[in-house]
Amino acid sequence: MEQNMPAEPPHPAKDVTHHVGYVLKRAQAALRGAMDKVLREHGLTVPQYSTLELLALHPGMSNADLARATFVTRQSANVVLRGLQEAGLITRPATADHGRARPAHLTEEGQARLAAVQAAVYAIEQRMVEAIPPQRVAALLTDLDHIATALEE
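Residues numbered from 1 in each chain as written. Predicted model: local features only at pLDDT ≥ 70, side-chain atom pairs only at ≥ 80, totals over all residues. Heavy atoms only, no water.

> Kindly report on the overall build of the protein, identifying the contributing residues and their values.
Within the protein, the regular secondary structure consists of six helices and two strands. Starting at the N terminus and walking to the C terminus, you meet the elements of the protein as α-α-α-α-β-β-α-α. Computed over C-alpha atoms, the radius of gyration of the protein comes to 20 Å, more than 25% over the 15 Å expected from 2.2 N^0.38 for 153 residues, which places it beyond the range of a compact globule. Taking the principal axes of the C-alpha coordinates as reference, the protein spans close to 65 × 45 × 25 Å. The average position of the 15 basic charges and that of the 17 acidic charges among the side chains of the protein differ by 7 Å. (Helix = DSSP H or I, 4+ residues; strand = E, 2+ residues; numbered from the N terminus. Rg over C-alpha atoms; globule rule 2.2 N^0.38 Å. Lys, Arg positive; Asp, Glu negative; His and termini not counted. Charge placed at Lys NZ, Arg CZ, Asp CG, Glu CD.)

> Residues and numbers for the confidence of the model for the protein, please.
The pLDDT averaged across the protein works out to 91; a share of 94% of its residues lies at or above 70. Per-element confidence in the protein is highest for helix H2 (residues 46-57), whose mean pLDDT is 97, and lowest for helix H3 (residues 63-70), whose mean pLDDT is 94. (pLDDT = per-residue confidence, 0-100.)

Following this line, the structure appears as structure tokens:
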């Protein structure tokens, strides 16, 4: 009878807390916690903030596009959009001109709320960037992109 042998780790590490996936998750959890804290002060959640940022860059995005870009399901994106609309931060037509897409746009209040919170969120990113040598930032972004691409394939 064969015994199950433990799998070899993909790289040398003292324990699981030194594996790439664990460290990435720890960084993501720290980022989410910091963002939750500052966004709460402005009455927003991370998905709501992300949606406002994306709509500022790409007005008229659909629910499906926003879901993909904010890493949530279409159903969750729809809940986020409804909440933003009820808060007066975005507008969407009551019905779709064609298909099912109802393009969303920031209102003046949405633009103001985004502007009010951006400095706090960007300060969090600044803290992250300052934690590593400046000459390594571009390589880190490239490496993280490669990791995401490898897992999406």
